[in-house]
Structure formats: C-alpha cells, structure tokens
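These are the residues of each chain, in order.
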Amino acid sequence: MKPTDVDRLLRSAANAPESAEAEAPFGFDTRVVAAWRSGGDGVNDVADLSRFLRHAGVIAGAILVLAGAAAYRLYRDEATFAAPTNEYAIADSAIQTEFSQ
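Everything quoted here is computed from the prediction, not taken from an experiment. (Residues numbered from 1 in each chain as written. Predicted model: local features only at pLDDT ≥ 70, side-chain atom pairs only at ≥ 80, totals over all residues. Heavy atoms only, no water.)

> Would you mind going over the overall build of the protein with me for this structure?
A count of helical and extended segments in the protein gives 4 helices and 0 strands. Secondary structure elements in the protein, listed N-terminal to C-terminal, are α-α-α-α. Considering the protein as a whole, with its 101 residues, one finds that 1% of them fall into the buried category. Taken as a whole, the protein presents about 9,800 Å² of accessible surface, with 64% of it coming from carbon and sulfur. (Helix = DSSP H or I, 4+ residues; strand = E, 2+ residues; numbered from the N terminus. Buried < 20%, exposed > 50% of the residue type's maximum accessible area, 1.4 Å probe, protein only. Areas by Shrake-Rupley, 256 points an atom, 1.4 Å probe, with all protein chains shown as cover.)

> I keep staring at the pattern of salt bridges and nothing clicks. Help me out?
In total, this model carries 2 salt bridges according to the counting rule given. The salt bridge involving Asp5 is made with Arg8; its shortest N-O contact spans 3.9 Å. On the criterion of helical spacing, the pair formed by Asp5 and Arg8 is a turn pair, its members being 3 residues apart in helix H1 (residues 3–14). Taking the relative accessible area as the measure of exposure, Asp5 reaches 25% and is therefore partly exposed. One salt bridge in this structure joins Asp48 and Arg51, with 2.5 Å as the shortest N-O distance. Of this pair, Asp48 and Arg51 both sit in helix H3 (residues 43–81), 3 residues apart, which is roughly one turn of the helix. Of the residues examined, Asp48 reaches a relative accessible area of 40% and is grouped as partly exposed. (Salt bridge = Lys/Arg side-chain N within 4 Å of Asp/Glu carboxyl O.)

> What am I meant to see in the confidence of the model for the protein here?
The predicted model of the protein has a mean per-residue pLDDT of 79, with 82% of residues at 70 or higher. Mean pLDDT values over the elements of the protein span from 76, in helix H2 (residues 28–37), up to 86, in H3. (pLDDT = per-residue confidence, 0-100.)

> Looking at this structure, how should I read H1?
Residues separated by three or four positions in an α-helix point in the same direction, a consequence of the helix having 3.6 residues per turn. Across its 12 residues, H1 extends 17 Å between first and last C-alpha, which sits within 8% of the 16 Å expected from 1.5 Å per residue. With 0 of its 12 residues buried, H1 lies for the most part at the surface. (Expected span 1.5 Å × (residues − 1).)

Below you can see the structure in the form of structure tokens.
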C-alpha cells in the first residue's frame, strides 16, 4: 500500500458523517417489559431456578462419580502392576553418573 493511499483513506474517514446513536427498534423495550410483567408473581422463576440447580447437581454428581471410579481404577491397576521403584531416583542417578565421567 502506497503512502498516498493511506493519506486518501484517512482523509475520507475524517470527512465521513457522524453515525447516529444506536437505538433499540421501536417498541422493543415495551415488548420486553410486557413479557417480563406477564410472568406473574415470580413463583415460576423460583421453580425454574430450583429445577435448574437440581439438574446441575445431578449432572455434577454423575461426573464426580465417574471421575472417582476412573481414578480408583487407575490407582488399582497401577498399584497392581507397578514395581515399587522411584523413577526420579533412577533418572537422577543416571544423570549424575553421566556428568561425573
């Protein structure tokens, strides 16, 4: 892009008319307020919230049970098949013998 192109773009941007303020479409706010007020006394909101929290709790509990079962199975399999060694001690010993030569 040439410097003259940039100057031309900046001049045209400076001469552009100011845009109008963004406003909601006509009647939008009254429709929102009317829908909110038609909900009644708010009892349904509490029931919806409690139903949502109950479902979220059930899903979280199921995930917790599945994760716990997977962790226990991994621990059980590793304890059965792994020899009681310390991998860090073996690696440290190998590094020390390599550098001492």
